[in-house]
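Chains, contacts and geometry: an overview
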There are 2 protein chains.
Amino acid sequence: MNRRNTPTKEAILAVLSNSKKALSQDAVEKQLNIKINRATIYRVLNRFCEDKLTHKIVGEDGKQYFAICKPCNKLSETITHHFHFRCLSCDTIECLQVPVVYAVPNGYEVKNANCVLTGICKNCK
Amino acid sequence: MNRRNTPTKEAILAVLSNSKKALSQDAVEKQLNIKINRATIYRVLNRFCEDKLTHKIVGEDGKQYFAICKPCNKLSETITHHFHFRCLSCDTIECLQVPVVYAVPNGYEVKNANCVLTGICKNCK
DNA sequence: GTATTATTGCAACTAATTCGCATTAAAAAA
DNA sequence: TTTTTTAATGCGAATTAGTTGCAATAATAC
Ligand SMILES: [Mn+2]
Ligand SMILES: [Mn+2]
Ligand SMILES: [Zn+2]
Ligand SMILES: [Zn+2]
C-alpha cells in the first residue's frame, strides 16, 4: 500500500513541523486553516507514526500526542527514547532531549518506551 | 472526610495485594468474588491512590492500572518513581524495581513520572 | 439508639478513538 | 490523455474507559 501525497497530509505535516510541542488530534485540528475530518486526522497521524515520521506519546491523561521532534530525526536510535514533559498548567507535552536510561531484568525484551514527566514547565513558573 | 472500613474496600485491597501485577478496573472486577459496581471500583481505587496506598500507571494503551507494590512501600521517595513494563503478549503491567533517572532543564519542576516500557515479558518469551 | 455523612449502586453522560462504508482523487497503467 | 486501481477522505455510528448526579445504604461518632 503505497502512500499518496494529499493536501490533507501536507497540511497536518506542516502543523506538526511548525510546533515545538507534541500535539493531540484536537490541537492539530485547531491549528489547521483547512477543515479536516477528525477521523482522517487520526488516520494521517497514525500513518506518520508507521512511517516513523512522527512518534506518539501517551500522557497520564490517557490522551495521545504526536510529535515530529528534532532529536528523533538527527540522533541515533538510543536517544530516540527520550523523556517527555507535560505541564499541568499550560497542558502541553514537549520532547525533552533527555535519554531514557534503564536496565530490565533478564528475559525481558523492550520494544518501546513511553516516559512522561509531569509538573510545571519553565514558562509557567 | 474520614475513611470508613467496608467489605468493598477490603475485597478490592485483597485483590491488589494478592496480585503481582498492576490491575485495571476491569481486571480487579474479574478477580473479585463479590459483585461490586464499576464506578465504585474506580472510586475505591482512586481513594487508595489519594491515600498513597496504591499508585496509578497509565499505559500507552491509554488505560489506567493500579498497583500496590512492594518497592513503593518499603523504599524511599526516590525509588517511588520506577519503571513499569507492559507485555504486549499477556497484556499485563508490572512494577520493575528499576528507578527512573533523569535530569530536567532549568526551570522545570517535576511532580510525577509515568514511565512504561513495552515489549515481551519473561514468561511470554 | 440516633445522627452524621462516607460509601455504594445505578443510570446517564462525557471524551477520545476507532470503524464501516460509500465517495473522491492520487498515481499507475494503458 | 483517458482509464484503471486503490489509497485517502468524510460522515456517522460504534466502542471503550472513565466520570458524575443522585438517591439509598451503612459505618462510625455521639
Ligand atoms: Mn520526541
Ligand atoms: Mn510500583
Ligand atoms: Zn507550562
Ligand atoms: Zn507477558
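Here the structure is a predicted model, which means the values were calculated and not measured.

**Here's the deal with the pairing of strand S1 (residues 55–58) of chain B**
Residue and element names in this part refer to chain B. In the sheet, S1 pairs with strand S2 (residues 64–67) via four bridges, with the strands oriented antiparallel. Bridged to Lys 56 within S2 is Phe 66. From the end of S1 to the start of S2, which pair antiparallel, there are five residues, and Gly 62 there has a positive phi angle of about 80 degrees.

**What to know about the coordination of the zinc ion (ligand 4)**
Residue and element names in this part refer to chain B. The zinc ion (ligand 4) binds to the protein through Cys 87 (SG), Cys 90 (SG), Cys 121 (SG) and Cys 124 (SG), with metal-donor distances spanning 2.2 to 2.5 Å. Taken together, the four donor atoms coordinating the zinc ion (ligand 4) span angles of 104 to 121 degrees at the metal, a pattern that classifies the geometry as tetrahedral. One chain supplies every donor for the zinc ion (ligand 4), spaced along it as C-x2-C-x30-C-x2-C. With a gap of 31 residues between them, Cys 90 in the loop between strand S3 (82–87) and strand S4 (93–99) and Cys 121 in the segment after strand S5 (109–120) connect regions that are remote in the sequence. Residue classification places Cys 90 among the partly exposed positions, given a relative accessible area of 31%.

**Remarks on the side chain of A:His84**
Residues and elements named next belong to chain A. For His 84, the position within the fold is in strand S3 (residues 82–87). For His 84, a relative accessible area of 5% corresponds to the buried category. Discounting chain neighbours no more than four positions away, the residues touching His 84 are His 55, Ile 57, Ile 93, Glu 94, Cys 95, Leu 96, Cys 115, Val 116 and Leu 117.

**Thoughts on the sheet that holds S5(B)**
What the six strands build is an open sheet, ordered S4(A)-S3(A)-S5(A)-S5(B)-S3(B)-S4(B); its pairing is mixed. Looking at which strands have only one partner, the edges of the open sheet turn out to be strand S4 (93–99) of chain A together with S4 of chain B. Each adjacent strand pair in this sheet contributes to an overall mean axis angle of 30 degrees, direction not counted. Here S3(B) runs beside S4(B); their pairing, made up of four bridges, is antiparallel. Looking at the pairing, B:His84 lines up with B:Cys95 of S4(B).

**Quick notes on the protein's contact with DNA strand C**
Inspection of the region around DNA strand C gives 25 residues, with A:Asn5, A:Tyr42, A:Gln64, B:Thr6 and B:Thr8 positioned closest. Near-protein atoms of DNA strand C (within 4 Å) split between backbone and bases, with sugar and phosphate holding 62%. Between a sugar or linking oxygen of DNA strand C and a main-chain N or O atom of B:Asn2, the distance comes to 3.1 Å. At the level of secondary structure, the elements contributing two or more residues to the surface near DNA strand C comprise helix H3 (38–50) of chain A together with helix H1 (7–18) and helix H3 (38–50) of chain B. Per-element tally for the surface near DNA strand C: the top contributor is H3(B), with six residues.

Rules of the game
- Residues numbered from 1 in each chain as written.
- Chains lettered and ligands numbered in written order.
- Predicted model: local features only at pLDDT ≥ 70, side-chain atom pairs only at ≥ 80, totals over all residues.
- Heavy atoms only, no water.
- Pairing = 2+ DSSP bridges.
- Helix = DSSP H or I, 4+ residues; strand = E, 2+ residues; numbered from the N terminus.
- Donors = N, O, S within 2.8 Å, 3.2 Å for Na, K, Ca; no water.
- Tetrahedral: all angles 85-135°; square planar, octahedral: opposite > 155°, others 65-115°.
- Buried < 20%, exposed > 50% of the residue type's maximum accessible area, 1.4 Å probe, protein only.
- Contact = heavy atoms within 4.5 Å.
- Axes fitted to C-alpha atoms, helices over the stretch in contact; angles between N-to-C directions.
- Near = heavy atom within 4 Å.
- Polar contact = N/O pair within 3.5 Å; in protein donor to acceptor, adjacent residues only side chain to side chain.

Coordinates in, geometry out; function isn't part of it.
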